[in-house]
Structure formats: C-alpha cells, structure tokens
Amino acid sequence: MTDLLTPGLEHQAERAHARRGFLLGLPAMAYLLVFFVIPLGIVVAYSFATRTRSGRTELTGWNLDSYQRLGEEIVRTVAWRSLWVALLTTVICLILAYPLAYFISTRGPVVRNLLLVGVMIPFWSNFLIRTYAWRVILDSDGVVSQASMALGFGETRVLFTNTAIILGLVYGYLPFMVLPLYAAIERIDWSFVEGARDLYASGWSAFRRVVWPLAKPGVIAGSILVFVPSFGAYVTPAILGGNKQGLLGSYIVLQFLSARNGPVGSALSVVVLGVMLVGTLVYFRSGGRNL
Amino acid sequence: MSKGVAMSTAMPRGASRWVLSVHSLLVFLFFYAPIAVLVLYSFNQSKIIGKWEGFTLAWYGDFIAHEGIQQSIWVSVKVGLLSTVIAVALGTMAALALERFRWWGQKTFDAVLYLPIIIPDVTMAVMLLVFFGETAPLFNAIPGVDLTAGIERLVFSHVAFNISFVSVVVRARLANLDTTMEEAAADLYATRWQAFRRVTLPQITPGVAGGALLAMTLSLDDVVISSFVSAVGATPLPVFVFGMLRRGVSPLVNAVSTSMLAASMLLVLLSLIVSRAISSQSEGRRT
Amino acid sequence: MTRWIRFVAVLSVLAVVGAGCGDDEESAAAFKQCKAGEVDGDLAFFNWSEYMDPELIAAFQEAHGVTVTEDFYPSNEEMFAKVEIGGSGYDLIIPSDYMVSILIEEAMIQPVQASAVPNKSNIAPKFANPPYDPGAVYSAAYQWGTTGVGVDLGETGEDVPHSWALLFDAETAETYGLSGAITLLDDPRETMGAALKYLGYSLNSTSADELAEAEAVVADAIGRVAAFDSDQYDELLVTGESVVGHGYSGNFLWSFEEGESDYDYFVPDEGGTIWVDNMAVLSDAPHPCTAFALMNFLLDAENGAQLTNYNWYASPNAASEAFIDAEVLENTIIYPDPALMERLEFIEDTGDYEINFTDALTRARG
C-alpha cells in the first residue's frame, strides 16, 4: 500500500498525523501550562525577590540572597537528614515489598486477587488516617509500650523519634512499592526462570540473574514513588515526629509560615525540585525505560 | 504468556517457599494491625486514647452530628469527583497523544508531565496559593467562577497534579498493548475514530479505570496542597481532620477514620465488581 | 533540555510581569463607610479553632439575618499566608498582637470605624492604646491571656519552682523527673522568648549575643524535650505523655478539667508573654459592614462575658466584668495578679531581625 503513496502525500499524512497528536495532547498541555508551569514560574521568580520588613514578598530588587542562605549549615543538616530518612524508608519498603509481590504473583488467580485486594484496601484508605493510627500505637499507653511493659522492658515511647517517622513513612508508602513491583513481576515470562532452573541454576541464582533484572522497571517505579514523597514529607513528621528533628518538608513550610520568608522558601523548593528532577532522570536512564 | 504451566517449575521450593509465606503474612499483619487498633478505639468510652473504658457508639453519633465534618465530607466528595473526571479526560488524551503519535514538543510535554509527580507537596501548595492570589481578578471575571469561595481552587489544584498520575497509569497500559489489533482494524478500513472506539478504548479501559481510582484516592488523601489553597467555606475532610489532629487525639477522630475506611473498602469492592462485570461482558462478546 | 529551560524562563518572566501589573491598584482606596448595625452580605470569618462560642455566632446570625462562614487557622502565620496576597475572601480575622503591627505596616487591615462600632468604648484602658496598634486604630481587642508552664503536680509533687528552669534546666529536670517529659511551644518567638526571659533578657531582644545564649539554653534542653507542640501541649500533659508543658493559659484550663491528676499553670517568676488577640477587618474585605457589625456585637458587655465564660481566656472588655462568672474572675490563671502583670511583655515585631528567632530555634533543635 505504501508504494502507491508519493513522497508528498506520505509527508502530508505524517503531518496530519502529527497534528492530530498535538491537538489530542493540547488540552492537557494548556491546563498544565496555566495551572502548573506559570505558578512554578512565579515561585522561581519569588526565589529571586526580596522580603519586606514585615514578611511580604516583593517582586523588586532581584537578588541571589535566598540562594546564598541555602549554603548555611542548618540547611545542609536538614537536607542530609531528610535524604537519610527517605533512603532508609525506600530500602525498607523494598525489602518488605519484594518478597510480598513475588509471593502474590506465585499464587493462583483467585488467591492472587484476594491478596491484591488486601494490599489495595490500605492503599485506598486515607493516608492521614493510616499515619494517625500509629500515633495511638506508639505513645506511652499504646500497644507497643504495653507489650514492652509486659516483657519487662518498662514503658517505651517510640513516638516523637525518627524511628516513629520512618515507621510512619514506610507504612504509608509501602503499597506504592508493592503495586508497581507486583505489576512488573507479573509481566515476567516465567519460562525464562523455568529455563534457568532446567540449567541447574539454584533458586537464588535464578532470582538474581533472571527475575531481578526483568523486574527492574518495577523496582525503579516503586522506589521513585516512595522516595519522592518521603524526601519532602510534611504530614508524617508533623503527626509522629513531635516536630523535633528538622526535616526538609517541615523546614520549607517553616520558611513560608513562621519565618514569613517567601524568597528563601521558594529558593529551597526550586533547589529540591531541581535535585529531584536530575535524580529521577538519572535513575530512569539507569533502568532504561519509562515509568 | 506461558504463565500457568511455567509457574510450576519456576515456583520457589522448600525453605524459600516457607520463608516467603511467613514474610507475606507478617507484612499483612503490619498492614492491618494499626487499622485494627484504630477501629477498636473508635468504640472506646474514655476520651483519652489508650485507656479502654467500655464500648460505646457515642463517637459515631458525634461524628454524624458534627456539622463541620459533614460539610467537609461533602466538599471532599464534590472535589474528588469533579477533579477525577476532568483529570481522567485530560490525562487519557495526553497519554494517547504521547504514546500513539509523534509531534513537535512531545519531549518537552513529557518532561513537564512528570513534574507534578516529583514536586514536593509544599512547593506545589505555595505556588498555587500565590498563583490564585495574583490571578483571582482574571478568573473571577469568567462568569460562574468565583475563586474566593467554594471549591474552584481545590478542583483546579487537584486536577493539576492528577493529570500526571492518570497519564502515567494509562501510558503504562498503552505501552503494553498489542498494536497489531489497531493495525488490523485499519487494514479492515475502520476510520481512526472507529478503531479507537472499538479496539483501543476497550483495551485501555482497565488502565483508565485504574487511573480514575488513583486520582480519586490522591484527591481524597491530599492535605498540604488543600490546606494552603482552600477558599472560604471549602475545607476538605483531610484538612479538617488534620486540624482536629493538631488539637488533640480523640476517639472522634477514630470514628471519622473508621467511617472513611469503611467507605474506601466499599469503593474498592464496588470497583472490583464493576471491573469484573465489564471484563466478563467483553469476554462474552469475544467468544 | 535547553529548549525546555528557555520555555520555563520565558514563562517566569511573563508571570513576574503579570504579577507585578496587579499590584498597582492599591493607592488611597477610600474604605466603604458603615453605620452601626449595618450589614452588607454574609460574613467570612477567619478565626482560631475553639475560640468562638457557636451560640454567639448563632445569635448574631439571627439578629442580623446573615450567614457567617467560619474557617479556622492554627497559627497567625498560616492566616497571614492565606491573606497576604489579597483576594482571600475573608472579612474578619483575629490576629495576635505582633501580627497586627505587621498587618498595619502592610496596609492589610482597615481602620475600625467608630460610627460602626460604638461598643469599642467598652474596652478597658489597658487595651485601648496597645504598643502594637497605638490608639487601637486598626484593631479591637478580643481576648487576652498569658503563656507559661503547665505542670502535672501529681508527678512532680506540690513544691515546684515557679521558673522557666522547669523547661530548660538539667538539674531541675533531674530533681523532678522531667527528662523526656517536657514539651515546648513550636513557636520561635515564644520558645526563644522563654529562654531569653529565663536568662533575664527581654523577649524582644535584638541582640545577637543574647539570642545566641538563648539558643544554647534550648539546645542544651533538647535532649530532655519530648516534642515541640503548639496545639496538644495541654493534652499531652493530661494524658501523662509529658509532665511539664509550655503553653497558653486558657487551653491548659480546659484540659485540666479532663485530667485525673493535680495540675497547675503559672507564668514563671522571671516573667513571660502576655498576648492579646484582636479583631481586625481586612482592607479588601468584601463585606466590611457585616464585619464591623460582628465586631460591635462581640464588644457588647454581655456577649463579651459569654465569650470569656466559654473559652476561659481573659476579656479585655471592662463592661463585661459585671457579667463574667465569679469563678472565672477569681481564677489567677485567667486573670493574673497585678504583681505578675508587671513582669509580662508583649511580643513585638522585630522586622528584619525576625528570621533570626526562627533560625535559632531550628538550629537548637538540631
């Protein structure tokens, strides 16, 4: 059929095709332009603006003061701590989720669906509620404490520590790791694994050399979905952390509220966004494909 | 895919099988234990969490009678439904545009589409707050739109981040589809619209449904963006609960939580039943 | 990638230009003049949570035939963030003292119209000419109270020193078993202020040295602090999570009723904060007349008393005294004795210096 088309017509058809694609994507593009890109532009602008004596942001006197402030030690401390918390959360989620996702995909269809529903119910319940649930468990009268008292360790309060925050983050974002992992593992052509086994590979070896590489996209997707919100977390530290250890999300909010310093808060947000962007791009490339 | 048969020899054996089972059980316990505690204490007579003083339904009575909570539930539902519908429409179109076509600016759009996913909540909250503040006169000029009161701001904001999530889910689905079906339809002289409606659309429906559910969940879950952006008299439920939480832990919050949980479970079951019905319907048609 | 950067840059410029253009409308806008009792539509009321008696709102709605939509904020700063851009839709807000001076400086609130608020004369002389709003031109006092320390006497015993040392001093913590059972306010001005007072300085000090000392005090105490909390300090005390808590007078009182132990609240001898929350009408309020009507309503002698009887904070309304419950008037937590009043300071805005308090607290927290 293509022989019949002259180069001109083919080119036209391509152009028409491209145009259709463009038009199809246009509504979403326009929407994001208005409600995302422009607001983002405003924040970028704010990061170069000045703070009035009483705390309003004035779009005059462009300067780099806010970015200079980001070099201060307190910012670095907060950033490293948040990085650490986010990494720990992601790794723990991976360790917990992988075997679970694997297990689910090895079950028969009925049990599999049941298990998936079992995972999805917490996923679809409100995040705030699930985080709050830990508050009750972790405080001095809570279940953990009562258990440790029964065991003779005395009253323990895990609440208001970094452990509590990580626990809350893991609990909140675990479904975000399980579901992409499951989706990726489920897609694997198991005949490869079968082949490996037939070639006398041990279970572990088969996993390491066949399953793990093939499920990598799921690992990457899940890690991003857990790491990103954990890095900028605000709600979980607010509920479980006692506001003691400054984390990035809380620190940014602090700039916009207590400190009434829009420029610094904006500068920090821009930097964090930039770092996330670069980080996820690099991570993607290493995995080789789309989300 | 050679699933069923291959699974038998690919399955973990012996000790590793046992370990996997136990691990999964523990993880499920981890998932549900806090929820169980939460639900349990919603029936606690004592106002102070942690001291069990007897069974009561009083807190649920309070929950139903509480005007602030009831209003915010209503706000959340309205915002959730509206923003989901819009985000699904825009997000699905975006997914199709990106996966099935090639055009100028595609890469840029692709990149921009990912930004709402990786941006910190706080940043998005502030930038939208500032944006609405600065552009309010412009928007209010549009008849029927009033940014100072009501759910407009919330809907606009929720759609902004939901488009990306919906498009990601639908794209994943699209990427896995077999394009030979669509090509076959074209070979059989179907118009583009017919091909889309009868071949592509049914196949991506699970993806679209998944995206819709995700969008609804994210909208109902959102705290930070909503609290910065909400206008007069339009406080969504999570923001209201967050406010309550900051003032004190009380079984009333547990009662609200349990009710929300029950609602989610209902939603999940409903969606499962519906998707079951749809897939069995299409199964029937194919045979 | 570069194309995209250029794209965003162009848009930022557009956004800036667009935003900049919006600001020029201010100039000397003559505010709408209102008469006493006049209303111009439904009211959007922005207040702290649990600060307003719902019955008062209901009574106002009935008396004037309008609807009042009440939204809540947990801190001055959150309220400020919402209203600073303009066009928020709110009419009446309840800013604290230092926030009033900020709002005045930014021309965000309008003068209180004497003709629309005749009850303003009910306000006691002490609050009629406050340092944060000379002549009380832009605000009318709403409620006032103190910030101090709540103690669980059941745990510590009756004999505790009335000093900030309870929060900051290691030895005191040892003696009374306070380690890990202290909460501080998550508010830079209040917490750094407490440390400054503890050291004998003014809580409005703009001396870098004094602030550094205060920071050291807080940093030293961090290990013994359970949490920074501006909302649940009373609850934490009453549920036994903490033994001493830094917080506001009225909130503590409410919770003491719920608890099972013996509690006390006091402002330490070194002195502390007296704070005043005020009613103010936003400059761009869509319904200023209704706002003034509510202001007038709340300044009525009996209504003012009802408010105090409800939220157990002190009333600045001299005429209300006749109607306030005796037990409230006699409660030294709500109405501190004159000697103590001498040692209380208002928090005043320090302008550019303000951010140092925030940073000092963040650094001290580690």
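**Thoughts on the overall build of chain C**
Inference 1: Looking only at helices and strands, chain C has 17 helices and 11 strands in total.
Inference 2: The globule rule puts the C-alpha radius of gyration for 366 residues at 21 Å, and the 22 Å found for chain C is close to it.
Inference 3: Referenced to the eigenvectors of the C-alpha coordinate spread, the extents of chain C come out at roughly 70 × 60 × 35 Å.
Inference 4: Within chain C, the fraction of its 366 residues that count as buried is 54%.
Inference 5: In chain C, the share of contacts with a sequence separation of at least 24, taken over all contacts with a separation of at least 6, comes to 74%.

**Describing the packing of helix H4 (residues 67-100) of chain B against helix H9 (residues 192-221) of chain B**
For any two helices packed against each other, the geometry comes down to the angle between their axes and how far apart the axes lie.
Residue and element names in this part refer to chain B.
Inference 1: Close contact between H4 and H9 brings their axes to 9 Å; oriented N to C, the two are set at 140°. Here H4 is positioned oblique relative to H9, judged by the angle of their axes. Crossing geometry of H4 relative to H9 is assigned as right-handed. Taking contact as the criterion, the partners of Ser-76, Val-79, Gly-80, Ser-83, Thr-84, Ala-87, Val-88, Gly-91 and Thr-92 in H4 are, on H9, Val-208, Gly-211, Ala-212, Ala-215, Met-216, Ser-219 and Leu-220.
Inference 2: Of the residues in the contact of H4 with H9, the class split is eight nonpolar, eight polar and no charged.

**A word on unusual backbone geometry**
Residues and elements named next belong to chain C.
Inference 1: Notably, Ala-136 is not glycine yet its phi reads approximately 50°, a positive angle.
Inference 2: Relative to the helices and strands, Ala-136 resides in the loop between helix H5 (125-128) and strand S5 (140-152).
Inference 3: According to the C-beta neighbour criterion, Ala-136 is partly exposed, with 19 such atoms within 10 Å.
Inference 4: Unusually for a residue other than glycine, Trp-312 sits at a positive phi of about 60°.
Inference 5: Using a count of 20 C-beta atoms within 10 Å as the deciding quantity, one classes Trp-312 as buried.

**Considerations on the domain arrangement of chain C**
Residues and elements named next belong to chain C.
Inference 1: Here chain C is partitioned into domain 1 (37-144 + 275-336) and domain 2 (145-274 + 345-365).
Inference 2: Relative placement of domain 1 and domain 2: their C-alpha centres are 27 Å apart.
Inference 3: Each partner contributes residues to the interface: domain 1 has 18 residues there, and domain 2 has 17 residues.
Inference 4: When residues of the side of domain 1 that touches domain 2 are traced back to their parent elements, those giving at least two are helix H4 (97-105) and S5.
Inference 5: With four residues, the top contributor of residues to the side of domain 1 that touches domain 2 is H4.

**Description of the interface of chain A and chain C**
Inference 1: Across the boundary between the two partners, chain A contributes 28 residues, which contact 35 residues of chain C.
Inference 2: Among the secondary structure elements, those contributing two or more residues to the side of chain A that touches chain C are helix H1 (7-47) and helix H11 (248-256) of chain A.
Inference 3: Tallied by class, residues from the side of chain A that touches chain C come to 13 nonpolar, 10 polar and five charged.

**A few points about the environment of Ile-129 of chain A**
Residue and element names in this part refer to chain A.
Inference 1: By the secondary structure assignment, Ile-129 is in helix H5 (residues 127-138).
Inference 2: Assessed through the 25 C-beta atoms surrounding it within 10 Å, Ile-129 is described here as buried.
Inference 3: Separated by 29 residues in the primary sequence, Ile-129 and Val-158 place their C-alpha atoms 19 Å from one another.

**Re the interface of chain B and chain A**
Inference 1: Contact residues are listed per partner, giving 76 residues for chain B and 74 residues for chain A.
Inference 2: It is helix H2 (residues 14-41) of chain B that contributes the most residues to the side of chain B that touches chain A, 13 residues altogether.
Inference 3: A class-by-class count of the residues in the side of chain B that touches chain A yields 58 nonpolar, 12 polar and six charged.

**A look at the environment of Gln-12 of chain A**
Residues and elements named next belong to chain A.
Inference 1: Tracing the chain through its elements places Gln-12 in helix H1.
Inference 2: Note on Gln-12: 12 C-beta atoms within 10 Å, which makes it exposed.
Inference 3: The sequence separation of Gln-12 and Asn-63 amounts to 51 residues, and the corresponding C-alpha distance is 50 Å.

**What to know about the pairing of strand S8 (residues 244-248) of chain C**
Residues and elements named next belong to chain C.
Inference 1: With five of its five residues buried, S8 lies for the most part within the structure.
Inference 2: Both S5 and S8 contribute to a ladder of five bridges, which runs antiparallel. Across the sheet, Thr-147 pairs through a bridge with Tyr-248, a residue of S8.
Inference 3: In terms of strand pairing, strand S6 (residues 182-184) meets S8 through two bridges, oriented parallel. From the neighbouring strand, Thr-183 faces S8, where its bridge partner is Gly-245.

Rules behind the numbers
Residues numbered from 1 in each chain as written. Chains lettered and ligands numbered in written order. Predicted model: local features only at pLDDT ≥ 70, side-chain atom pairs only at ≥ 80, totals over all residues. Helix = DSSP H or I, 4+ residues; strand = E, 2+ residues; numbered from the N terminus. Rg over C-alpha atoms; globule rule 2.2 N^0.38 Å. Buried ≥ 20, exposed ≤ 12 C-beta atoms within 10 Å, placed from the backbone. Contact = placed C-beta atoms within 7 Å. Axes fitted to C-alpha atoms, helices over the stretch in contact; angles between N-to-C directions. Parallel < 35°, antiparallel > 145°, perpendicular 65-115°, else oblique. Left-handed = near helix turned anticlockwise from the far one by under 90°. Nonpolar A, V, L, I, M, F, W, Y, C, P; charged D, E, K, R; others polar. Domains from an automatic or database assignment. Pairing = 2+ DSSP bridges.

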